[in-house]
Structure formats: structure tokens, C-alpha cells
Number of protein chains: 2
Amino acid sequence: MKKVIVLGAGLVGKPMAIDLAKDFEVTVADISLHRLDKIPDLPNLKKKEADLSDKNTLIQLISDKDIVLNALPGDLGFNALQTVIEQGKNIIDIAFFPEEAAVLDGLAKEKNVTAIMDCGVAPGMSNILIGYVNEKLDSIDNAVIYVGGLPKIRQWPWEYKAVFSPADVIEEYTRPARYVENCQLVIREALSDPEYLEFDGVGTLEAFNSDGLRSLIYTINAPNMKEKTLRFPGHIEKIAVLRASGFFSKDPIEFNGHIIRPLDFTSKLLFPNWELKQGEEDITVMRVEVEGQKDGKKISYRYDLYDSYDVRTKTHSMARTTGYTATMAVRMLAKGLFSEKGLIYPEFIGKHNKCVSFILDGLKERGIEYKETIS
Amino acid sequence: MKKVIVLGAGLVGKPMAIDLAKDFEVTVADISLHRLDKIPDLPNLKKKEADLSDKNTLIQLISDKDIVLNALPGDLGFNALQTVIEQGKNIIDIAFFPEEAAVLDGLAKEKNVTAIMDCGVAPGMSNILIGYVNEKLDSIDNAVIYVGGLPKIRQWPWEYKAVFSPADVIEEYTRPARYVENCQLVIREALSDPEYLEFDGVGTLEAFNSDGLRSLIYTINAPNMKEKTLRFPGHIEKIAVLRASGFFSKDPIEFNGHIIRPLDFTSKLLFPNWELKQGEEDITVMRVEVEGQKDGKKISYRYDLYDSYDVRTKTHSMARTTGYTATMAVRMLAKGLFSEKGLIYPEFIGKHNKCVSFILDGLKERGIEYKETIS
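Please read all numbers here as calculations on a predicted model, not as lab measurements.

Caption draft 1: Representation of the relation of the copies chain B and chain A. Screw-axis analysis of chain B against chain A gives a translation of 0.0 Å along the axis, an RMSD of 0.0 Å, and a rotation angle of 180 degrees. The superposition operator between the copies reduces to a two-fold rotation axis. Relative to the rotation axis, the closest C-alpha in chain B is found at B:K238, a distance of 3.4 Å.

Caption draft 2: Representation of the interface of chain B and chain A within the structure. At the junction of the two partners, chain B supplies 25 residues and chain A supplies 25 residues. Surface buried jointly by chain B and chain A totals about 2,400 Å² across both partners, of which 77% is contributed by carbon and sulfur atoms. Three residues stand out in chain B for area buried against chain A, namely B:F247, B:F255 and B:F265, and they jointly supply 26% of the buried area on that side. One can count 2 salt bridges joining chain B with chain A.

Caption draft 3: Structural view of the pairing of strand β4 (residues 67–70) of chain A. All names here are of chain A. Burial along β4 is two-sided: I67 and L69 and V68 and N70, pointing in opposite directions, are all buried. Both strand β1 (residues 3–7) and β4 contribute to a ladder of 4 bridges, which runs parallel. Its bridge partner lying in β4, V4 is registered against I67. Bridge count between β4 and strand β5 (residues 90–93): 4 bridges; the pairing is parallel. Looking at the pairing, N70 lines up with D93 of β5.

Caption draft 4: Seen up close, the sheet that holds strand β3 (residues 45–49) of chain B. Residues and elements named next belong to chain B. A sheet is described by the order of its strands in space; here 7 strands give the open sequence β3-β2-β1-β4-β5-β6-β17, paired in parallel fashion. With one partner strand each, in any of the chains shown, β3 and β17 (342–344) form the two edges of the open sheet. Adjacent strand axes in the sheet meet at a mean angle of 20 degrees, parallel and antiparallel pairs treated alike. Running at roughly 170 degrees to strand β1 (residues 3–7), helix α1 (residues 13–20) makes contact with β1, β2 (25–30), β3 and β4 (67–70) of the sheet.

Caption draft 5: Geometry of the side chain of A:S267. Residues and elements named next belong to chain A. Tracing the backbone through its elements, the reader meets S267 in helix α10 (residues 262–274). Residue S267 is classed as buried on the basis of its relative accessible area, which comes to 9%. At 2.7 Å, the side chain of S267 forms a polar contact with the backbone oxygen of L263. Setting aside anything within four residues of it in sequence, one finds S267 in contact with I170 and P272.

Caption draft 6: Representation of the environment of B:T321. Residue and element names in this part refer to chain B. Looking at the secondary structure, you find T321 in helix α11 (residues 317–334). By relative accessible area, which is 1% here, T321 ends up buried. Those residues in contact with T321 that lie beyond four places of it in its chain are G120, V121, T284, L305, D307 and I368.

Caption draft 7: Here's a closer look at the packing of helix α3 (residues 55–62) of chain B against helix α4 (residues 74–86) of chain B. All names here are of chain B. Orientation of α3 relative to α4, taken along the N-to-C sense of each, is 50 degrees, at an axis distance of 10 Å. Compared by their axis directions, α3 and α4 come out oblique. As for the relative orientation of α3 and α4, their crossing is right-handed in sense. Touching K55, L58, I59 and I62 of α3 are A80, T83, V84 and E86, all from α4.

What counts, and where the lines are drawn
Residues numbered from 1 in each chain as written. Chains lettered and ligands numbered in written order. Predicted model: local features only at pLDDT ≥ 70, side-chain atom pairs only at ≥ 80, totals over all residues. Heavy atoms only, no water. Least-squares fit on C-alpha atoms with pLDDT ≥ 70 in both. Contact = heavy atoms within 4.5 Å. Buried area = accessible area lost by both parts, 1.4 Å probe. Salt bridge = Lys/Arg side-chain N within 4 Å of Asp/Glu carboxyl O. Buried < 20%, exposed > 50% of the residue type's maximum accessible area, 1.4 Å probe, protein only. Helix = DSSP H or I, 4+ residues; strand = E, 2+ residues; numbered from the N terminus. Pairing = 2+ DSSP bridges. Axes fitted to C-alpha atoms, helices over the stretch in contact; angles between N-to-C directions. Polar contact = N/O pair within 3.5 Å; in protein donor to acceptor, adjacent residues only side chain to side chain. Parallel < 35°, antiparallel > 145°, perpendicular 65-115°, else oblique. Left-handed = near helix turned anticlockwise from the far one by under 90°.

All quantities given are derived from atomic positions and should not be read as evidence of function.
So this is what it looks like as C-alpha cells:
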């Protein structure tokens with residue numbers, strides 16, 4: 001039985017460790033005993049309290065493992081990835097850190113390591129599906145990803161709960177979005193171009209420009225590509241009001257003799273409003289549309305995902321859709337279905353029919369179904 | 001020529017001093033030489049730099065004056081009023097201080113002083129008009145005041161500029177509104193019961209419950225009475241979002257080791273957004289509706305005000321409508337048209353046909369017209 005280690009026992013780390021323990025000898029490591037204690041005791045699952053920001057601790061922990069799954073917070077993610085690659089271990093990464101991972105490609109190849117980056121739902125499955133269609137078609141005209149993690153119950157005023165770090169959510173509302181339009185890289189203001197879209201079982205959602213294409217900008221040859229984030233209608237306007245009024249400003253201001261960044265204070269006030277509380281159900285909605293040409297004919301592929309909180313295991317949908325993509329990627333590596341070396345973006349997995357089928361089938365077994373529509 | 005002193009040379013104090021100098025020997029006093037310097041030099045107008053929070057200074061300044069006009073900031077207003085009454089001087093007050101002025105009624109009567117309170121546009125003209133109709137009718141069934149000071153140019157997101165202290169504006173958004181309903185005093189949440197209304201030359205405005213009845217609750221015998229504030233549609237929702245999210249909380253929170261009231265921080269961020277800048281034009285919109293019975297018949301009176309910034313004299317509409325009500329009240333006292341003693345609420349002026357006509361005519365001469373509709 002192969003040995004897998006999950007770094008980080010947070011919202012996504014926990015269900016991943018449980019899922020992997022069905023097929024592997026799993027260790028899950030975290031600095032917080034409290035987080036580890038929340039994970040049930042299972043036959044193939046070891047819990048290890050450890051400071052994973054300490055390089056030697058990390059090296060020791062991974063030394064006898066076959067595959068590493070990096071689910072650490074963004075600020076620890078990059079260093080952990082680098083260490084794992086240096087140690088010659090294959091790794092699946094969902095730490096979503098801000099650093100540019102591409103600099104580690106040479107090292108990964110030198111160490112004969114497969115390091116699959118950003119292997120969640122979006123980025124992650126969105127990339128796999130675009131890579132998959134890209135391989136099928138002669139050319140792509142247009143690719144667009146719509147994705148959102150939302151609360152099942154809509155509560156005024158925000159009708160939103162943060163399924164990942166609220167600070168990252170605000171970052172998504174302020175960081176300009178990079179798109180491909182007519183073969184050019186263009187930059188649009190975050191929150192711009194709002195549009196209403198209908199989703200089965202959900203109703204109308206509002207999509208806005210966000211900076212989520214990441215590696216796709218460089219790896220997929222398409223004249224038009226964009227990613228938009230989904231929220232319940234009205235959320236964007238409220239956020240835009242705060243942004244326009246200076247509440248998200250990173251420029252410190254003087255207040256009662258203290259120097260304060262408005263963004264930090266706003267975050268402090270908003271986070272309790274956005275906190276997904278124990279037992280609050282969430283949903284994940286994604287639509288990936290790719291239009292292109294095959295044998296001189298226009299063809300379009302569309303993938304629709306609707307997933308919701310698992311009431312039985314009390315697992316959040318965002319943890320399910322993110323985490324099980326990663327655990328299926330671990331199985332894919334373990335079975336030798338994918339053997340490219342270096343820094344691997346998920347769209348590279350999409351090139352391989354077998355890999356895509358394997359991951360989609362595994363997700364379907366776990367109740368996560370991507371509905372394909374070809375027209 | 002009678003002698004009048006204007007206490008305070010702010011937004012409203014300045015045009016009042018200029019207006020009064022047509023008919024009186026006027027002194028305008030303020031702690032800020034800068035504010036005084038903005039007032040043009042006129043034959044009958046003296047400017048006096050003085051700390052009006054100092055009781056002796058104030059006593060000396062008013063000693064040879066016939067009438068005092070109190071336009072000080074709210075925090076200085078009450079003490080100044082008390083001192084003026086103690087000195088036996090008649091006073092028109094538009095300081096809109098939070099203290100309960102009623103406690104000074106006995107003192108005013110003892111000193112044989114007429115002290116007219118809250119003599120602006122609303123409170124002020126709204127009270128005068130309701131007092132006027134109350135005198136004409138056998139009984140009132142319903143009285144409602146809609147009033148708002150707004151920017152002429154609507155700018156997203158707030159479509160609002162504060163024509164008086166922004167802190168008082170936020171207070172209006174948080175302080176519960178006291179109403180009379182079916183002869184009972186009821187309390188409604190601020191911002192509640194939004195409704196759309198049409199106003200000639202303005203378009204649709206949104207009205208919400210605010211705590212503006214003040215003395216009318218006790219002086220007018222009507223089973224139903226309310227005041228609502230007017231804003232451009234959408235403003236209320238944005239404010240309600242901030243309020244619901246804790247941005248107007250007065251409960252201090254700990255932030256980076258500092259103790260901060262969210263309201264104070266929010267104010268600091270919002271005020272620059274709401275600042276009415278040099279040359280920015282404002283409008284004042286008011287509608288007063290009174291329904292009642294006369295000789296067994298239903299009758300309703302409606303007064304509509306639309307006033308705008310005076311481009312020629314660069315005087316804000318809110319300063320015009322507030323200040324000229326007060327300066328006409330000064331003239332009314334000077335001419336001996338009104339001689340009741342004690343604390344006088346403007347609705348008491350409304351009882352006297354001659355006084356109401358005198359004030360309305362004076363306002364009309366100054367371009368401020370209340371259109372009466374009887375049906």
C-alpha cells in the first residue's frame with residue numbers, strides 16, 4: 001500500500017485525508033492538534049502534530065512517503081512545495097499561494113518529480129476540462145469559466161459565505177482580472193462586466209470579472225478566454241459601493257493617532273458576516289464553456305457542475321469539489337496513469353483521455369458530476 | 001435700527017448675517033477668523049472673532065443687542081441658549097442641539113423672553129405649516145412631513161452630499177424614529193418603511209422613517225403623525241447594508257491593539273465621499289401633508305417646496321431654506337408681530353395667520369416658495 005501525506009488539516013485537508021485513507025496509508029500533518037482532533041480515527045490514517053513551516057520537520061515527515069498533497073495555507077505553500085520537490089517527491093498542490101511556481105519547473109525536472117499545481121475545482125477541474133476540449137478540437141475560439149462557492153440559504157445583505165479565506169475573497173474583488181481578448185492579454189477591473197446567468201436548481205446568478213485564468217493564459221492557445229466569479233444578484237453592487245468609498249483601500253490612514261489600513265478594518269467587520277458556520281450548507285456552481293472548430297465545423301462543449309454540502313459527512317461542497325479533484329489526482333499518479341515530469345498545470349492532464357475519464361469517474365462516485373453538453 | 005447678533009458664521013450663519021444686514025445693525029461672531037473672512041464687508045455688518053463657548057464673552061457680546069440668532073454647532077448650542085435667556089434677550093435658535101430645551105421654558109417666562117426653537121426648514125417651516133393648518137381645521141387625522149437635502153448632480157454610489165454635519169446624518173440612519181399612530185407613540189427602526197414618491201422637477205425619491213417630529217409629538221393633537229427623510233432611490237439600501245454589517249456600531253472593538261468604535265472609522269471613510277464641495281449645487285425638497293376635518297368635511301392641505309443652490313450668491317439651498325426661515329422670524333419679532341413668551345416651538349407661530357403670511361412672503365421674496373394645494 002502506497003504512502004501518502006496530506007500537509008494541512010483544514011477545511012479541505014480533512015476530507016482529503018479521509019478519502020485517501022480508503023486506498024492508501026495516509027498521514028495528515030498540521031500544527032494544530034485541535035484541527036487534527038476533528039478528524040475521525042480510521043484504520044489507515046495517522047495524525048501528526050507538526051510545524052510544517054520548519055523545513056527539517058517537513059523533510060523528515062515526507063521522507064518515506066510516495067506522494068505529497070499540499071493543502072497548507074497560501075503563505076506556507078510555496079516553501080513547502082519547493083522542499084518537497086527538492087526531496088524528489090511527487091506532489092499534488094492545492095495551496096494556491098501567490099508566488100509564481102513556474103520557477104520550480106527546472107528543479108522538478110532535474111529531480112524527476114511530477115508536481116501538479118492548483119489541482120482543485122477552479123483552478124483545477126476548470127483547467128482539466130479546457131485542456132481536454134483543447135485536445136479534441138482543431139482550434140478554440142472562445143473559452144469561459146463561471147464559478148462560485150455560495151451559501152445554500154440566501155441571507156440579506158451579503159447572500160454570501162466565504163468558503164475559503166475571506167481575505168482572499170476581498171482580494172478577488174480588488175485585483176484586476178487578466179483576460180485574453182482577440183489574442184491580446186487585456187486587464188479589466190475586478191467586479192466589472194456583471195451579467196446575469198441562469199443555473200438549474202439555483203436560479204439567477206450574477207457573474208463578474210475575476211483574475212482566475214492563471215496558467216491558462218499561457219498554456220492554451222485561444223483568442224478569447226475569461227473567468228468570471230458567481231454570486232447571488234446584488235452582492236457585486238454592495239461590494240462595489242464599499243470599494244468606491246475607500247473601504248478596501250490598502251493606503252494607511254491616520255485615525256485617532258493610529259495608522260490603519262481601511263482594508264484591514266473592513267475585513268475585521270465583514271468576516272463575521274461572511275463566516276460559514278458549523279452546519280451551514282454551501283453549494284458549488286461551475287460552468288465551463290469552450291467553443292471551437294473541428295474538421296471545419298463549429299462545435300461547443302459545455303460542462304455544468306452543481307454540488308452541495310454533504311449532510312451525512314458534514315463536508316462542505318467547496319471542500320468536496322476542491323479536495324476530491326486533488327485526491328483523484330493522487331490516485332492517478334499512484335496508478336501510473338500520468339507520468340510527465342516538471343511543474344504540471346491541470347490542463348496538461350486534460351490532454352490525456354484516460355486521466356480525464358479516471359478523475360471524472362472518481363468524482364462521480366463521490367457525487368460530484370460534471371454534465372457535458374456538446375452542440 | 002435694531003441690533004441683531006448672529007452666533008456662528010458657518011454654512012447657515014453667513015447667509016443669515018448678510019440677509020439681516022439689509023434691515024438691522026448686525027454683528028456676526030465666530031471663533032474662526034477664517035470663516036468670518038469669507039463674509040463680504042457690508043455697511044451694517046460687523047464681524048467679531050470670539051470664543052462663544054466662554055460665557056462672559058457671550059454675555060458681553062449680546063449685552064447691547066435686541067435679538068440673538070443662535071447658529072452655533074450643536075455641542076455649544078444649549079449653553080449659549082441658556083445664557084442668552086438668562087440675560088433677558090429674545091432669541092431665534094437653529095443650533096439643533098441634542099439637549100431638551102423645554103427645561104428652559106420657566107426661565108424664559110421669568111425673564112420675559114421669546115425663545116423660538118428649531119426655526120429652520122425641518123424642523124422649522126414644517127412645524128409652522130402644521131401649526132397653521134391645525135389652527136384652521138377642527139381636527140387633524142393625519143400629518144406627514146417628507147424632507148431631504150440632496151445634491152443636484154447624482155453621483156454613484158451614494159447620490160448624496162451632507163448639507164449638515166455628516167455625523168448627524170449617520171445619527172439619522174441609526175436613531176429609532178418616534179411616531180404617532182392611532183394616538184399612540186410608536187417607535188420604528190430608522191431607515192424602515194421605504195417608499196417611492198414623485199416630486200416635480202426632481203423625479204422619484206425614496207422616503208424612510210426618521211426621528212424628526214420632535215416637539216410636534218407633544219404640541220399637536222393628531223392621531224397620526226410622521227416624518228420621513230428623502231434620498232435618491234438606492235441610498236437607503238446601501239446604508240442599511242453597512243448598518244447590518246456592523247459599520248455603524250458604537251460598541252468598541254479591539255483592532256491591532258487599539259480600541260475603535262466602528263462608527264467612528266466608518267465616518268472617517270464616508271465623510272470625504274459625502275462632502276459637499278465648493279460650488280457643488282444642492283437642492284431642498286419638502287412636502288408637508290395634513291388631512292383633517294373642517295365643518296364636518298374632509299379637507300387636506302399640502303405644501304410643496306423645491307429650492308436649489310443660488311448660483312449668483314453661491315449660497316447652498318439648505319442654508320437658504322434653513323437660514324431665511326430664521327431671519328424672517330427675527331424680523332417678525334422685531335416688528336412685534338409675535339409676542340408670546342417662553343420656549344416657543346415653531347408650530348406656535350403657525351397659530352397666527354399674520355406671522356405665517358409674513359414669513360412665507362419673506363421667503364418668497366428670497367425665491368423660496370411653498371406651494372399650497374387644498375383639496
